[in-house]
Amino acid sequence: MAKRIYLDNAATTKVRPEVIDTMVEVLQENYGNPSSTLYSIGKDAKEILENSRHIVADFIGADDKEIYFTACGTESDNWALKGAAFAKMNKGKHIITSKIEHHAILHTCKYLKKFGFETTFVDVDENGVVDVEQLKNSIRPDTILISIMYANNEMGSIQPIKEIAEIAREQNILFHVDAVQALGAVKLDVKALDIDMMSFSAHKLHGPKGIGALYMKKGVRIDNFIHGGAQENKKRAGTESLHNIAGFAKACEINKYEFDKKNNHLKYMRDLLIKELQEKIEDCVLNGHATNRLPNNVNMTFKFIEGESILLWLDMAGVCASTGSACSSGSLSASHVLLAMGVNDEAAHGSIRFTVGEETTEEDIHYVVNEMKIVVEKLRLMSPLYNRH
Ligand SMILES: *Cc1c(COP(=O)(O)O)cnc(C)c1O
């Protein structure tokens, strides 16, 4: 097989073989509907569903009843925002979020504008960390919801979630956290943090695509998003995707067991990649903080050249990386996250995101750095920006 080094683990991850085994077994043996509990295959399906819920809940310190399975992280984000907005609209129509959220949040806020909701997008500093003071000052009597991501998907910055949770609690405002990138990378304890709602997705931690979850603290009442049957405690209709749910739970179980080993490995590879790129290539800058970032994330600007051209070369060399989020690649606009951090348009266009994985080796890192050195030099020779400099 041709060489392939996958350094785009923020976009998605390779499904673990144990997860696939679990899913295949459920597909083959447990085809019952978890709502049909009058016979044994339905009961068995229900048992798998509830065991899976327990494993996911336990992984983030929640009670089983506080976990609702959804179709993806995007659905969880949509549900939290639209559900809270429509449930609280009599109290107010103001939402606070940040400029660096995932499009699942940003575009949902944009949609809610049609219904008269107004959103304040709080700034971040040069390290991609939300300005908590500005967030606090943005609160108004009609603010009904604050939504801030736990960790950014493009440059990995980790947000002061505990501090923001305290502010939200003090002001009696619902607080939602998009923790899709944090699950498996940061130890999460929803009880200790006192969060109202948190979004998750399985495919970012070696689980299957098309399955997510929303944590909703006991007592939090928001509108339903998907209407229909009585599944998920009457809050999220639709026959449960049992094989996906069992696969999600298996991925959490493995991650819990391997947590320290895996994250130490990621950090080691991350830091090695940063160090080698900076040593071997001139005029490259790490975007964001050196250590207050996700264990797998390296986001670098290579001055005077275009990120897209770098990616084409890397692809020919068998390396998968990205210029930003998977959702915005294809559009040639610069990353909204880097721009919000104050990186100028030109530098933002020359940025590459590498997200290492549990399969990444030192040999992979050396190979990638060597390819980067070659392509950066080649492209700079052709770059009018570089020749002027
Ligand atoms: C991937 C991602 C999502 C979307 O999750 P899907 O399951 O792919 O819909 C939402 N937020 C963040 C921060 C993400 O990284």
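Placed above this text is the structure.
About the criteria used
Residues numbered from 1 in each chain as written. Predicted model: local features only at pLDDT ≥ 70, side-chain atom pairs only at ≥ 80, totals over all residues. Heavy atoms only, no water. Helix = DSSP H or I, 4+ residues; strand = E, 2+ residues; numbered from the N terminus. Rg over C-alpha atoms; globule rule 2.2 N^0.38 Å. Buried < 20%, exposed > 50% of the residue type's maximum accessible area, 1.4 Å probe, protein only. Contact = heavy atoms within 4.5 Å. Areas by Shrake-Rupley, 256 points an atom, 1.4 Å probe, with all protein chains shown as cover. Lys, Arg positive; Asp, Glu negative; His and termini not counted. Charge placed at Lys NZ, Arg CZ, Asp CG, Glu CD. Pairing = 2+ DSSP bridges. Right-handed = clockwise from strand over helix to strand, strands pointing away. Near = heavy atom within 4 Å. Polar contact = N/O pair within 3.5 Å; in protein donor to acceptor, adjacent residues only side chain to side chain. Core = buried A, V, L, I, M, F, W, Y, C linked by side-chain atoms within 4.5 Å. Domains from an automatic or database assignment.

## So, the overall build of the protein chain
On a plain count of helices and strands, the protein chain comes out with 14 helices and twelve strands. For a compact globule of 389 residues, the expected C-alpha radius of gyration is about 21 Å, and the protein chain comes in at 22 Å, within 12% of that figure. By its C-alpha atoms, the protein chain is 70 × 55 × 35 Å across when sized along the principal axes. Across the 389 residues that make up the protein chain, the buried fraction comes to 56%. Excluding contacts between residues fewer than 6 apart, the proportion of contacts in the protein chain whose partners are at least 24 apart in sequence is 73%. Surface accessibility of the protein chain: about 17100 Å² in total, with carbon and sulfur atoms responsible for 52%. Averaging the locations of the 45 positively and 53 negatively charged side chains of the protein chain gives two centres separated by 4 Å.

## Examining the pairing of strand 4 (residues 118-122)
Two elements, strand 3 (residues 94-98) and strand 4, share five bridges in a ladder whose sense is parallel. Residue pairing for strand 4: T97 is matched across the bridge by F121. In the classification by handedness, the crossover that spans strand 3, the intervening helix 4 (residues 103-112) and the parallel strand 4 is right-handed.

## Brief notes about the pairing of strand 12 (residues 351-355)
With five of five residues buried, strand 12 lies mostly within the body of the structure. Burial of strand 12 is two-sided: the residues S351, R353 and T355 facing one way and the residues I352 and F354 facing the other way are all buried. Relative to strand 12, strand 10 (residues 297-302) is paired through five bridges, and the arrangement is antiparallel. Following the sheet pairing, T301 is matched in strand 12 by S351.

## Examining the site of the ligand
Close contacts around the ligand come from 13 residues, with T74, D178, Q181, S201 and K204 the closest. Here G73 contributes a backbone N or O atom positioned 2.8 Å from an oxygen atom of the ligand. With respect to the ligand, the side chain of K204 contributes an N or O atom lying 2.8 Å from an oxygen atom. Coverage of the ligand by the protein chains reaches 90% of its 380 Å² of free accessible surface. Top contributing element to the shell around the ligand by residue count: helix 3 (residues 73-88), with three residues.

## Brief notes about the nonpolar core
In terms of nonpolar packing, the biggest core is built from 62 residues, with I146, Y150, F175, M198, F200 and F248 touching the most fellow members. For this core, the leading source of residues is helix 2 (residues 40-60), giving seven residues. Residues lining this core come from more than one domain, with at least three contributed by each of domain 1 (5-13 + 259-388) and domain 2 (17-254). For I146, the residues in contact, after removing those within four places along its chain, are I96, L135, I139, I164, A168, I173, L174, F175 and H176. Listed in part, the 30 residues of the second largest apolar core include M300, I305, L314 and I365.

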